[in-house]
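Notes for the structure review
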Amino acid sequence: MAAAQFSLTNPLSTEATVKRPSDSVGEGIYHDALVMGEELIERPLHGGGPDRVRIQHAKGRMTVWERIKVLTDREPNILWRNWGPGLDGAAIVTGILDIDGRDVAVYGHDFTLRAGSMDATNGAKLARLIYMAGEHGIPLIGMNDSAGAFVPAGVGGLDGYSEAFTALRKISGVVPSINLMFGYNAGGGAYLPRQGSFMIQCEDTFIGLTGPGVVKSVLGEDVTADALGGPGVHGLNGVCDLTTRDELSSLRMTIRLLSYLPDNNHSFAPFAEISDPVNRHTVEEDLLFRRSFSTPAGMNAPMDITLYLQQVCDFGEYFELQPQRARNLITAFGRLAGHVAGFVANNSAVASGQIDFDAAIKATRFIRFCNLYNIPLIFIEDTTGFLPGSEQERRGIILAGRKLLDSIIDIRTPRITMIIRNAFGGAYASWNSYFTGADRVLTLPMARIAVMGPAGKDFVYKREVRELATAYQAAIARGETEAEARRARDEALAELSGRYERELMNPKEALSLGSVSSVVMPGDSRRVLAENLCFLMRKYNPSPMSGVQREHE
């Protein structure tokens, strides 16, 4: 009997070598065509070759194909393998990825080929992908790592950018897009991604109109790339919505951000089944307010509003946007009873939560995005008003504030306001009140809703204040010391302040007028907000915006 033959090869292994058509013995036109086909398919995967890949890795950067593998573990569907007239790779990859069961259009510059530069062929290829995303209603992710226009291509590089600019603008408001910034991006490489919905930049990258060399030659200014266009700069000025430490963090943050976004402007953001009860009483919320306001500062104590968001959102999770910029106002996505909602919250821990120029612009952009993509909005109000002063007037706070008010008036999605504490003057009037279109306006019992803050006593009790000033002067004339007269006056003024707060700085008048619908006790915010949001979402049908489009944005 012949000896048994044993093999160490696992017959169930998925790594078994697959025989390719060109491996078969043969010759002639058909066999040559198979060999050429395999070469055309595989060429893009090798980019500029091993040497260029090693250089990319030496810079601490991934290749475009490695970035794709982070976004999905599924095989990508690579589109339009028209790799340039010389089959040189054309420096850009386009395709469709399966990310957590969703189809997503993706493009990425291949820096190992011509430094990811753009020519007319690349521009047309990118534009076709962008238009396809809009036509099929799927999100778009861009991985930007390009030296800009390919100079030897002449004006063709500029034509390529123009075509891509136009395509991305045409799908704005149709499908959401996320652009990741890798490497050095100047000129068109900076303008193109900022046309999208969100931009993410990691450390050791540059985004700018021009680079440090041009700034030096034109203006004589010595500046580093990081100081000119690094994430520290763009995280503050709002060019970038998120900044990260490295490429891997940017890619993972993209996946997380995508989980809060709908596919298009006629669908809902992904709903998530939750095990976090919506009807639970949140003791921590009551403790937060008790410890914040039971201090010497009393109702004037600052409070980090993100601690409140943790008590409201499912599992305490929320996703903040532009966290480096204007932290006196927080914009964030979160889930409530499984529904994605946009939170716009005044943050009294920074600048008393007053709305300044940067905060108004930050909120306006976020509100308009949510309005376009059928995301309900929850406003958390705790502000003494718009920030006054000559600097704000020079920057155009009136224009920025009007844009914010316009964006709130234009909201068509379900929207709720919860008044935490301060709601004064013009800020109250514009901050999603019933009279600007709110579906629900709720308040906590410690809310102070009034035309003015504590200074309002000077107007409400004008006669009493005038009499106290007269009594102060009379006391000094009678020979009392200035300290004694001042103490008596200040005690009387304090009594007027307490009276003003008891009579006017509370929710009573707003409730009596119907400006606020109901009082919510601390600890019940999550339950009440969830109940109202679920009702409103059941009655809301997602659809693209229609009707008259206003002149200003």
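Rules used throughout
Residues numbered from 1 in each chain as written. Predicted model: local features only at pLDDT ≥ 70, side-chain atom pairs only at ≥ 80, totals over all residues. Heavy atoms only, no water. Phe/Tyr/Trp six-rings, centres within 6.5 Å; stacked < 30°, edge-to-face > 60°. Lys NZ or Arg CZ within 6 Å of the ring centre and 35° of its normal. Buried < 20%, exposed > 50% of the residue type's maximum accessible area, 1.4 Å probe, protein only. Helix = DSSP H or I, 4+ residues; strand = E, 2+ residues; numbered from the N terminus. Pairing = 2+ DSSP bridges. Patch = residues over 30% accessible without salt bridge, like charges linked within 9 Å, V, L, I, M, F, W, Y side chains within 5 Å. Areas by Shrake-Rupley, 256 points an atom, 1.4 Å probe, with all protein chains shown as cover. Salt bridge = Lys/Arg side-chain N within 4 Å of Asp/Glu carboxyl O. Lys, Arg positive; Asp, Glu negative; His and termini not counted. Charge placed at Lys NZ, Arg CZ, Asp CG, Glu CD. Axes fitted to C-alpha atoms, helices over the stretch in contact; angles between N-to-C directions. Contact = heavy atoms within 4.5 Å. Parallel < 35°, antiparallel > 145°, perpendicular 65-115°, else oblique. Nonpolar A, V, L, I, M, F, W, Y, C, P; charged D, E, K, R; others polar. Polar contact = N/O pair within 3.5 Å; in protein donor to acceptor, adjacent residues only side chain to side chain.

Focus on the packing of aromatic side chains
When we look at a pair of aromatic rings, we describe it by the centre distance and by the angle of the planes. The tally for this structure, following the rule as stated, stands at 13 aromatic pairs. Taken together, a centroid distance of 4.7 Å and an interplanar angle of 40 degrees make the contact between F369 and Y373 tilted. Over the ring of F111 we find R61; its NZ or CZ atom is 5.4 Å from the centre of that ring. Here the basic side chain of R489 rests over the ring of Y472, its NZ or CZ set 4.6 Å away from the ring centre.

Thoughts on the pairing of strand β13 (residues 377–383)
Taken across its seven residues, β13 has seven buried, putting it largely inside the fold. Residues L377, F379, E381 and T383 of β13 are buried on one face, and the alternating residues I378, I380 and D382, pointing to the opposite face, are buried as well. Looking at chain direction, strand β12 (residues 339–346) and β13 are connected through four bridges and run parallel. Residue pairing across strands places V344 opposite F379, the latter belonging to β13.

Considering unusual backbone geometry
Here A115, not a glycine, exhibits a phi torsion of approximately 55 degrees, which is positive. Counting through the fold element by element, A115 comes out in the loop between β3 (102–109) and α4 (120–136). Of note, D204 is a non-glycine position whose phi angle comes to about 60 degrees, a positive value. By secondary structure assignment, the location of D204 is in the loop between β7 (198–202) and β8 (206–208).

Some remarks on a negative patch on the surface
A contiguous patch of negative charge, built from E203, D204, D226 and D246, is present on the exposed surface. Position of D226 among the secondary structure elements: in helix α8 (residues 225–229).

As for the sheet that holds strand β4 (residues 140–144)
Whenever strands of a sheet pair, they do so through backbone hydrogen bonds, lying parallel or antiparallel. Strand order in the open sheet formed by seven strands is β1-β2-β3-β4-β5-β7-β9, with mixed pairing between adjacent strands. The sheet terminates laterally at β1 (77–79) and β9 (242–244), the two strands that pair on one side only. With strand direction ignored, the average angle separating the axes of adjacent strands in the sheet is 20 degrees. Inspection of the sheet shows β7 paired to β9 by three bridges, in the parallel sense. The residue bridging Q201 from the neighbouring strand is T243, located in β9. Contacts between helix α3 (residues 64–71) and the sheet are confined to β1, β2 (92–99), β3 and β4, with β2 contributing the most and set at about 15 degrees to the helix.

Focus: the pairing of β7
Among the five residues in β7, five count as buried, and that is most of the element. In this structure, strand β5 (residues 177–181) lies alongside β7, joined through four bridges in parallel fashion. Within β7, the residue paired with I178 across the bridge is F198.

Considerations on the side chain of R61
For R61, the location among the structural elements is in the loop between α2 (50–58) and α3. A relative accessible area of 16% places R61 in the buried class. With residues near it in sequence (within four places) discarded, R61 still touches Q56, R67, F111, D145, G183, Y184 and E247.

Brief notes about the environment of R43
Note that R43 resides in helix α1 (residues 29–46). Exposure remark for R43: the relative accessible area of 31% places this residue in the partly exposed category. R43 sits 38 residues away from R81 along the chain, and the two C-alpha atoms are 9.7 Å apart.

Describing the packing of α4 against helix α5 (residues 155–171)
Two numbers describe how α4 lies on α5: the axes approach to 7 Å, and their chain directions differ by 5 degrees. Between α4 and α5, the interaxial angle falls into the category roughly parallel. For the pair α4 and α5, the contacting residues are A120, G123, A124, L126, A127, I130, Y131 and G134 in the first and G156, G157, G160, E163, A164, T166, A167, L168, K170 and I171 in the second. Among the residues forming the contact of α4 with α5, the class breakdown is ten nonpolar, six polar and two charged.

What about the environment of N185?
Relative to the helices and strands, N185 resides in strand β6 (residues 184–186). N185 gets classed as buried once you look at its relative accessible area, which sits at 0%. In sequence terms N185 and T205 are 20 residues apart; their C-alpha atoms lie 7.9 Å from each other. When neighbours within four sequence positions are excluded, N185 is seen to be in contact with N144, D145, S146, A190, F206, I207 and G208. A polar contact of 3.4 Å, which involves the side chain of N185, links it to the backbone nitrogen of S146.

As for the pattern of salt bridges
Tallied over the entire structure, the rule returns 25 salt bridges. Among the ionic pairs, R61 bridges to D145, the shortest N-O distance being 3.7 Å. With R61 in the loop between α2 and α3 and D145 in the loop between β4 and α5, the pair connects residues that are 84 residues apart, well separated along the chain. The pair R61 / D145 is uniform in exposure class, with both members buried. The salt bridge partner of K216 is D222, with a shortest N-O separation of 3.1 Å. Looking at K216, the relative accessible area reads 40%, which means it is partly exposed. Taken together, the shared-partner salt bridges connect R61, R67, D145 and E247 into one network.

None of the figures reported here should be taken as evidence of function without further support.
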